[in-house]
4 protein chains.
Amino acid sequence: MPGNSYGEQFRVSTFGESHGRAIGCIIDGCPPKLPIDLAAIQTELNRRRPGSSPHVTQRREPDSVEILSGVFEGQTTGTPIAMVIFNQDAKSKDYDNLRDTFRPGHADFTYQQKYGIRDYRGGGRASARETAARVAAGAVARALLQQQAGVCVRACLVQMDDITIPFKEWQEVNQNAFFAADSTYETQLSERITELRRAGDSCGAVVQAVASGVPAGLGEPVFDRLDADIAKAMMSINAVKGVEIGAGFAAAAMRGSAHNDAMEGDQFLSNHAGGVLGGISSGQDIIVRLAIKPTSSIRQPQATRNTAGDATTVSTTGRHDPCVGIRAVPIAEAMLCLTLADHLLRQRAQCGSPV
Amino acid sequence: MPGNSYGEQFRVSTFGESHGRAIGCIIDGCPPKLPIDLAAIQTELNRRRPGSSPHVTQRREPDSVEILSGVFEGQTTGTPIAMVIFNQDAKSKDYDNLRDTFRPGHADFTYQQKYGIRDYRGGGRASARETAARVAAGAVARALLQQQAGVCVRACLVQMDDITIPFKEWQEVNQNAFFAADSTYETQLSERITELRRAGDSCGAVVQAVASGVPAGLGEPVFDRLDADIAKAMMSINAVKGVEIGAGFAAAAMRGSAHNDAMEGDQFLSNHAGGVLGGISSGQDIIVRLAIKPTSSIRQPQATRNTAGDATTVSTTGRHDPCVGIRAVPIAEAMLCLTLADHLLRQRAQCGSPV
Amino acid sequence: MPGNSYGEQFRVSTFGESHGRAIGCIIDGCPPKLPIDLAAIQTELNRRRPGSSPHVTQRREPDSVEILSGVFEGQTTGTPIAMVIFNQDAKSKDYDNLRDTFRPGHADFTYQQKYGIRDYRGGGRASARETAARVAAGAVARALLQQQAGVCVRACLVQMDDITIPFKEWQEVNQNAFFAADSTYETQLSERITELRRAGDSCGAVVQAVASGVPAGLGEPVFDRLDADIAKAMMSINAVKGVEIGAGFAAAAMRGSAHNDAMEGDQFLSNHAGGVLGGISSGQDIIVRLAIKPTSSIRQPQATRNTAGDATTVSTTGRHDPCVGIRAVPIAEAMLCLTLADHLLRQRAQCGSPV
Amino acid sequence: MPGNSYGEQFRVSTFGESHGRAIGCIIDGCPPKLPIDLAAIQTELNRRRPGSSPHVTQRREPDSVEILSGVFEGQTTGTPIAMVIFNQDAKSKDYDNLRDTFRPGHADFTYQQKYGIRDYRGGGRASARETAARVAAGAVARALLQQQAGVCVRACLVQMDDITIPFKEWQEVNQNAFFAADSTYETQLSERITELRRAGDSCGAVVQAVASGVPAGLGEPVFDRLDADIAKAMMSINAVKGVEIGAGFAAAAMRGSAHNDAMEGDQFLSNHAGGVLGGISSGQDIIVRLAIKPTSSIRQPQATRNTAGDATTVSTTGRHDPCVGIRAVPIAEAMLCLTLADHLLRQRAQCGSPV
């Protein structure tokens, strides 16, 4: 099976290159009669969109999504939902000098090794632009989860560079340009971005995503565990280098007596497990964190080689985010929605409705 | 697609419960004419086997693997390779008291919620015993990787409880009961286990796995990235709560100028990426770390509920590892072998031989 | 994805060679809490079993099936159901002379071309013996269909050689050694088999399978149509060369005015469609016919070549059915059960219960 | 897995409704560096196009295909190839009267039963219009087969109504409006269509497709046999009710001594098997025939029911082919190309290059 599809029952296949004609996706397996609000999909896309704040890349794409099929008179019909976003602000000439040069930290080298050919313009298929299609698909998954299972998926930035942002309130997240759950951090974060931009450098980040209201019973033994699929979903986002569930890496230094989540009646007394036991949802909040590496495109000159194998240096002057981790917030939500929607339908298939 | 299979081209499906008749697997898609050494498979199983050291569970299972099909006159034929391990030391009576009780940290509650029925004996399908089948399959994948691509996969324990174990040499790993890459740590680790056993408690661990000699070009855009599939593979191991590739979570606090791996000729000057760029192998070592939570089964009494919803306490007195992270070492190797073998064949399908 | 699995949600993977240690299967995705009657599975196997009548191969295999996992206290648990049948009457020496010779009509040549190696004993993986595993899996699918959807699947022999057998009653089918729906044909069919055996020759057959009580709505646009999956299922049975649904090939010479099934209230007035419209079940009987070629193994000498490319002749003296089409009856039922069970669960996943 | 994708390694996913915004597909897994000629794809589409001859539906669609991704500077890049055809001559008002009426022989009733909602305009997703996307994808598969394996795939009409058309020469096929391999039949076929159109009736057909130059070794045991996948591919085409390989249904009345294809050196002396033995290609021509039912849309009034369950009659006055079997010729070629391309890549994955 080729690698551009995700999900077994709620299945999304994406296509498109950064500077090609369009990007988009097909969702196959979406339940019928689900009301679809194009404006809600567009809203999600706008959150991810480049150029939406001074802190992200200045490429100006309206990212207007069009539905080509699968929706009739405002409802899904059960047939494939195709969505397309035409590329409009692709300045391919910016990339002509990269035809033969491998940018450090980018997929230029590995795509060339794999395929022997690559669309070098703007990173081609490896561009973060591809994630717009995921966000569109995620919006449909979110509608399914909300309407048919009462699930709520949210995410926020919890670390940028060495600044950790304690959680205050979910409603803060959409009130600042950083998806921080405490807007009072906005100034500090802004200053750091400005500093990095000035230095021609970039920084990493940590994003936390939480799903509430997930019914117990989602996830499959033994390979397609819910947490295993979430780990894959998150690690498949550009620049992600680590994923943890619940206590995560901290669990390695905990004792069983402290880590185990005791129960009292129907309630768990803690949530170190992050809502997943034995790969199956417990009904508690699903909690996942992902580490995003610093943006690979930096203005500072870096040593590299060209396709001929000769040494050269590269300095990336395009329109890039100093911290791709910021825009990873809506993308992480989308991937969590897609994973949960898929497991919701898989659970229906084998065991009937989980609710 | 149900959840007990892994891999697209080199595909393993496992079956079996801890206290059922047998556990085992089918490998489908293995290339033909691969010499198979049953003794080598058994050696891998022995490394994972319970009762193999005083530091792991005392269940005494010979774990003798039998090949039922797919191998003829010492070579694979290209047809499914079925392997079976009959359970021999299953003391199910030890578990009778758990018929109606949900042990904290275990999958008892979630399996019951998912299926409305569960084989409670020894954790049933959720038992770590299931991983023996993965290790057997991993041994075949390792043979493929070694013989057809020159890939070498190894792992070691890098942290247990709060003891971090610096890497010294690979050859140390099989010379101590902890798979530590520095045998001088053996006494300290032994003492910690003894202390935990005495206290009726358990601890977590971190394992690092490394694949060397991986050809550049393995991995698929955009969902089935090599690192995404590795993350899934590792997170699908019992008790794993976090996975990171290369610099991992530390990348979040790094600058692009420090994190990017510059190139000089054919060489990368560093390996913060952990051998994967844009989801595709770069030819550098693949480096992955996984965090394992403390063993859920502890002797200390814990508050929980029974299937009727009444409050009760549980104290697990069976034969359990105070640190399941130790035995996770050969399992992590197996999962990395399975993932790489699968992507090796996928690469052949689309692009021809990667070597 | 390798080729030894069938089904997306109710998924069976088979393994085993004719003269290897064992054959068997794993069913993954079976709903939990389904009562499983081992005797009922064995009964299905006995119907297919060689040596069960004088008209089929004389290999004496008890075909005793053992369940290794996934069933607990008489019910499915939702985890993989592994079943195994150990080979007992494998007389491999009978086949030593075939090590280097390609039997006409057999898969000897093509397996050698595909894999460069083959287990030549008794046809190895290509032997009809493999279908025993399908029949065991089909028995579980049948239990699911009966208990959760009221579906009834039956088949009968409708043609053998040039003898056509008109349908009389379903209850006749198990009252004669030919699965004929009219037992009065038994003598004629017996005589033909005896004649063929004497002549060292073999003949073909046509089998018809019918599923009643199938809920409307099963099947997927546009590739995984119910009839497309049935066609694949049937064509995957050894020796099948043709499949037709409803009016089948006769439809080619019909007019629309005659072929279209008009409706009167909730009733269709005819069933030329064979219970499938646009790839989706209509609630009418699913009707499928399959053409089985004459048994390839015949005593008459045939011209062929050996692995070295030299001309030779082969005369197959082993224990073979003069008409494999007879035993195809329970196998066709099994494949139809597997296909319907799979689509029942797929329908649940996307649209909820079809009933 | 939802049902709108086909193929495991060369995977096509289609979308779109007859009267929606567009139809199209994504091909995932296509090898890189394959030269793609948009004109060649358009030529295939033109062969299938409605309105291309007086004998097929008079809907006027230019069927202009656009490539949105995956092709760069005239070559495939290995990333998903998305193709889209915008609908231009959709006269949805023609169908307003069908909102509540189930046309006999159509999927109206079954889609309603399955999904509880349907895009009734022009048959929605169940329209033969969907096959344009398959033809576009098939053209890419054909390019792969031609350039990398020397395979040639052709098809022709061998029966229409009760007129059988003996094979004369492949080059005749594109010289008449019926894809007949003997153009002298054109007048007779034309007259029959005219007669049917006048009578408000329709007729069925048989198409034969042949693949030459297929390397030995393609196909998988035991479920994903090459002939099983071909059967599925053909049966997934609208209106197909039967599929046969090689001797097909005639094999049922043959003796083994007549049916077996003897060998002489590297040559088979006959091809009753249709190029497939044990599910694996033998190197001989792959020969498949498909039976197509008469067009369901006829002008003659037919008894049916509406969504409320009331009796009514329907007479279809839209622009329809009296024989959809004619246009099935390029579609059958496309499906055969897709199946062979998929198995070519699957063979590479497991066994290396088959050539």
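Throughout, residues of each chain are indexed from 1 in the direction in which the sequence is written. As they are written, the chains are lettered A onward and the ligands numbered 1 onward, keeping that order. For this predicted model, a pLDDT threshold of at least 70 governs which residues receive local features, and a threshold of 80 or more governs which side-chain atom pairs are given and counted, while totals over whole chains, interfaces and linings are taken from all residues. Values reported for side chains reflect all heavy atoms of the structure, with hydrogen atoms and water molecules removed beforehand.

**Student:** It is not clear to me how the relation of the copies chain D and chain C should be interpreted in this structure. Could you clarify?
**Tutor:** Here two copies of a chain appear, and what relates them is a rotation about an axis with a shift along it. Here the copies are superposed with least squares, the fitted atoms being C-alpha atoms of residues at a pLDDT of at least 70 in both. Each copy superposes on the other: chain D lies on chain C with an RMSD of 0.0 Å after a rotation of 180 degrees and an axial shift of 0.0 Å. The transformation just described matches what one would write down for a two-fold rotation axis. Residue Lys232(D) of chain D places its C-alpha closer to the rotation axis than any other residue of that unit, at 2.4 Å. Every residue pair with non-hydrogen atoms within 4.5 Å of one another is taken to be in contact. An overlap of 100% is found between the interface residues of chain D and their copies at the interface of chain C, pointing to a shared contact surface.

**Student:** So what exactly am I meant to see when it comes to the packing of helix H1 (residues 38-48) of chain D against helix H3 (residues 131-149) of chain D here?
**Tutor:** Any two packed helices are characterised by how steeply their axes cross, that is the angle between the axes, and by the distance between the axes. Residue and element names in this part refer to chain D. At a closest axis distance of 9 Å, the pairing of H1 and H3 adopts a crossing angle of 140 degrees. The angle between the axes of H1 and H3 places the two elements in the oblique class. By crossing handedness, the relation of H1 to H3 is classed as right-handed. Across from Ile41, Glu44, Leu45, Arg47 and Arg48 in H1, the residues of H3 making contact are Thr131, Ala132, Val135, Ala136, Ala139, Val140 and Arg142. A fitted line through C-alpha atoms represents every axis, and for helices the fit uses only the stretch in contact; the resulting angles, taken between N-to-C directions, go from 0 to 180 degrees. Working definition: helices are DSSP H or I runs of at least four residues, strands are E runs of at least two. Numbering for both runs from the N terminus. These descriptions rest on fixed angle ranges, namely under 35 degrees for roughly parallel, over 145 for roughly antiparallel, 65 to 115 for roughly perpendicular, and the rest for oblique. Crossing handedness follows the turn of the near helix against the far one: under a right angle anticlockwise gives a left-handed crossing, and clockwise gives a right-handed one.

**Student:** Looking at this structure, I do not really get the environment of Ala133(A). What am I missing?
**Tutor:** Residues and elements named next belong to chain A. Relative to the assigned elements, Ala133 resides in helix H3 (residues 131-149). Accessibility here uses a 1.4 Å probe with only protein chains present; expressed as a share of the type maximum, an area under 20% marks a residue as buried, one over 50% as exposed, and anything in between as partly exposed. The buried category is assigned to Ala133, whose relative accessible area is 1%. Dropping the residues within four chain positions of it, Ala133 is found in contact with Thr14, Ile23, Gly24 and Cys25.

**Student:** Just to check I follow, could you spell out the packing of helix H5 (residues 226-235) of chain C against helix H5 (residues 226-235) of chain D for this structure?
**Tutor:** Where H5(C) meets H5(D), the axes come as close as 8 Å, and the angle between the chain directions of the two elements is 160 degrees. Our classification of the angle between H5(C) and H5(D) gives roughly antiparallel. For the pair H5(C) and H5(D), the sense of crossing is right-handed. Judged by residue contacts, Asp227(C), Ala228(C), Asp229(C), Ala231(C), Lys232(C) and Met235(C) of H5(C) engage Asp227(D), Ala228(D), Asp229(D), Ala231(D), Lys232(D) and Met235(D) from H5(D). Taken together, the residues of the contact of H5(C) with H5(D) break down into six nonpolar, no polar and six charged. Any residue that is not Ala, Val, Leu, Ile, Met, Phe, Trp, Tyr, Cys, Pro, Asp, Glu, Lys or Arg is counted as polar, Gly included; the first ten are nonpolar and the last four charged.

**Student:** Would you take a moment to explain the relation of the copies chain C and chain B for this structure?
**Tutor:** The two copies are related by a screw operation: chain C maps onto chain B through 180 degrees of rotation and 0.0 Å of translation along the axis, at an RMSD of 0.0 Å. Both copies present the same face, since 100% of the interface residues in chain C are matched by interface residues at the equivalent positions in chain B.

**Student:** When you look at the interface of chain C and chain B in this model, what are you seeing that I'm missing?
**Tutor:** Interface size is commonly expressed as the accessible area that is lost once the parts come together. The partner chain B presents 46 residues to the 46 residues of chain C that form the contact. Between chain C and chain B lies a buried interface of about 3,600 Å² when both sides are counted; carbon and sulfur atoms form 63% of it. By convention in these notes, a salt bridge is any Lys or Arg side-chain nitrogen within 4 Å of a carboxyl oxygen on Asp or Glu. Summed over the shared surface of chain C and chain B, the result is four salt bridges. Between Glu73(B) and Arg99(C) there is a salt bridge, with the nearest N and O atoms lying 3.1 Å from each other. Here a polar contact is recorded for every N or O atom pair within 3.5 Å, except that within protein the pair must consist of a potential hydrogen donor and a potential acceptor, and residues adjacent in sequence are included only if both atoms are side-chain atoms. The tally of links between chain C and chain B comes to ten residue pairs in polar contact (both at pLDDT 80 or more). Counting only elements with at least two residues in the side of chain C that touches chain B, the list comes to strand E2 (11-16), strand E3 (22-28), strand E4 (65-67), strand E6 (75-76), strand E7 (81-86) and helix H2 (108-115) of chain C. The element contributing the most residues to the side of chain C that touches chain B is E2(C), with five residues. The term buried area denotes the loss of accessible surface (1.4 Å probe radius) that occurs when two parts are joined, taken as the sum for both partners.

**Student:** Sorry, what's going on with unusual backbone geometry here?
**Tutor:** Trans peptide bonds make up most of the peptide bonds, and negative phi angles are found at most residues other than glycine. Omega for the bond connecting Pro221(B) with Val222(B) falls within 30 degrees of zero, at -10 degrees, which places this linkage in the cis form. The residue Phe179(D) is not glycine, and still its phi comes out positive at about 55 degrees. Mapping Phe179(D) onto the fold places it in the loop between strand E9 (163-164) and helix H4 (186-199).

**Student:** How should the packing of aromatic side chains be read in this particular structure?
**Tutor:** For any two aromatic rings, the description comes down to two numbers: the centre-to-centre distance and the angle of the planes. Two rings from Phe, Tyr or Trp (for Trp, the six-membered ring) form a pair when their centres are within 6.5 Å of each other. A pair whose planes differ by under 30 degrees is stacked, one over 60 is edge-to-face, and the rest are tilted. Applying the stated criterion across every chain yields a total of 26 aromatic pairs over all chains. Among the aromatic residues, those joined into a ring-pair cluster are Phe102(A), Phe109(A) and Phe268(B). The positively charged end of Lys114(A) is found above the aromatic ring belonging to Tyr115(A), 5.6 Å away from the centroid. Geometrically, a lysine NZ or arginine CZ counts as sitting over a ring once it is within 6 Å of the ring centre and also within 35 degrees of the ring normal.

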